[in-house]
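# Structural characterization, general
In case you want the letters, here they are:
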Amino acid sequence: MKLVIAIIKPFKLDDVREALTEVGVAGMTVSEVKGFGRQKGQTEIYRGAEYSTNMVPKIKIEVVCAADLAGRVVEAVQSAANTGAIGDGKIFVLDVGQAVRIRTGETDDNAL
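Below you will find a few notes about this structure.

Cut-offs used in this document
Residue numbering note: each chain is counted from 1, following its sequence as written. Local features are withheld for residues below a pLDDT of 70 in this predicted model, meaning they are given only at 70 or higher, and side-chain atom pairs are given and counted only at 80 or more; totals for whole chains, interfaces and linings count all residues. Water and hydrogen atoms play no part in the side-chain values, which are based on all heavy atoms of the structure. To qualify as a helix, a DSSP run of H or I must reach at least 4 residues; to qualify as a strand, a run of E must reach at least 2; elements of each kind are numbered from the N terminus. Accessibility here uses a 1.4 Å probe with only protein chains present; expressed as a share of the type maximum, an area under 20% marks a residue as buried, one over 50% as exposed, and anything in between as partly exposed. Residues are treated as being in contact if the distance between any of their heavy atoms lies within 4.5 Å. Accessible surface area values rest on a Shrake-Rupley calculation with a 1.4 Å probe, where residue burial reflects the displayed protein chains alone. The arc in question is formed by the directions pointing from the helix axis toward the C-beta atoms. A side-chain nitrogen of Lys or Arg and a carboxyl oxygen of Asp or Glu constitute a salt bridge if their distance falls within 4 Å.

Turning next to the overall build of the chain. Counting secondary structure elements, the chain contains 2 helices and 6 strands. Each helix (α) and strand (β) of the chain, taken in turn from the N terminus, gives the series β-α-β-β-β-β-α-β. Classification of the 112 residues of the chain by burial places 29% in the buried group. In the chain, 72% of the contacts between residues at least 6 apart in sequence involve partners at least 24 apart. Total accessible area on the chain is roughly 7,200 Å²; 48% of this is exposed by carbon and sulfur atoms.

For helix H1 (residues 13-22), the complete set of buried residues consists of Val16, Ala19 and Leu20. The buried residues of H1 occupy an angular sector of 100 degrees when the element is viewed end-on, so they sit on one face. Buried residues along H1 sit against strand S1 (2-8), strand S5 (56-65) and helix H2 (70-81). Taken from the residues just after H1, Gly24 is the one with a positive phi, measuring 100 degrees.

By secondary structure assignment, the location of Cys65 is in strand S5. Its relative accessible area of 3% is what places Cys65 among the buried residues. Between the alpha carbons of Cys65 and Asp108 there is a distance of 9.7 Å; along the sequence they are 43 residues apart.

Among the structural elements, Gly35 can be located in strand S2 (residues 29-35). Along the chain, Gly35 and Pro57 lie 22 residues apart, while their C-alpha atoms are 6.7 Å from each other. Excluding residues within four positions of it along the chain, Gly35 makes contact with Asn54, Met55 and Val56.

We now examine the pattern of salt bridges. Opposite charge on two side chains permits pairing when their charged atoms draw close. On inspection of all chains with the given rule, the structure shows 5 salt bridges. Salt-bridge contacts for Lys2 lead to Asp95; the nearest nitrogen and oxygen are separated by 2.4 Å. Taken together, the positions of Lys2 in strand S1 and Asp95 in strand S6 (residues 89-95) put the pair 93 residues apart, joining distant regions of the chain. By relative accessible area, which is 22% here, Lys2 ends up partly exposed. For Glu62, the salt bridge identified is with Lys60, shortest N-O distance 4.0 Å. On the accessibility criterion, Lys60 (26% relative accessible area) is partly exposed.

Printed below as a string of structure tokens:
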């Protein structure tokens, strides 16, 4: 199993969600986060307003999937979140040792 973490621009969330649904992702966790990367306080456009800041609003998406699906998940996020502008985000892929569905006790791939 793999944990795919994607940090994307907020207005791309619906596009990414639709792309992930098309590749067979059954669920995800979404958080509103703030941070910075290489752009470090450069001017950003957010909800039509231009501003300068050290911390830029982003969306963090976490998806746990079967290892053989991880490559397609990464491709789907990358293509759906890409604007070609600075600050498009990052994708991280980590190994998951165990997953347990609390309600049924199912484990690993069955828990997904």
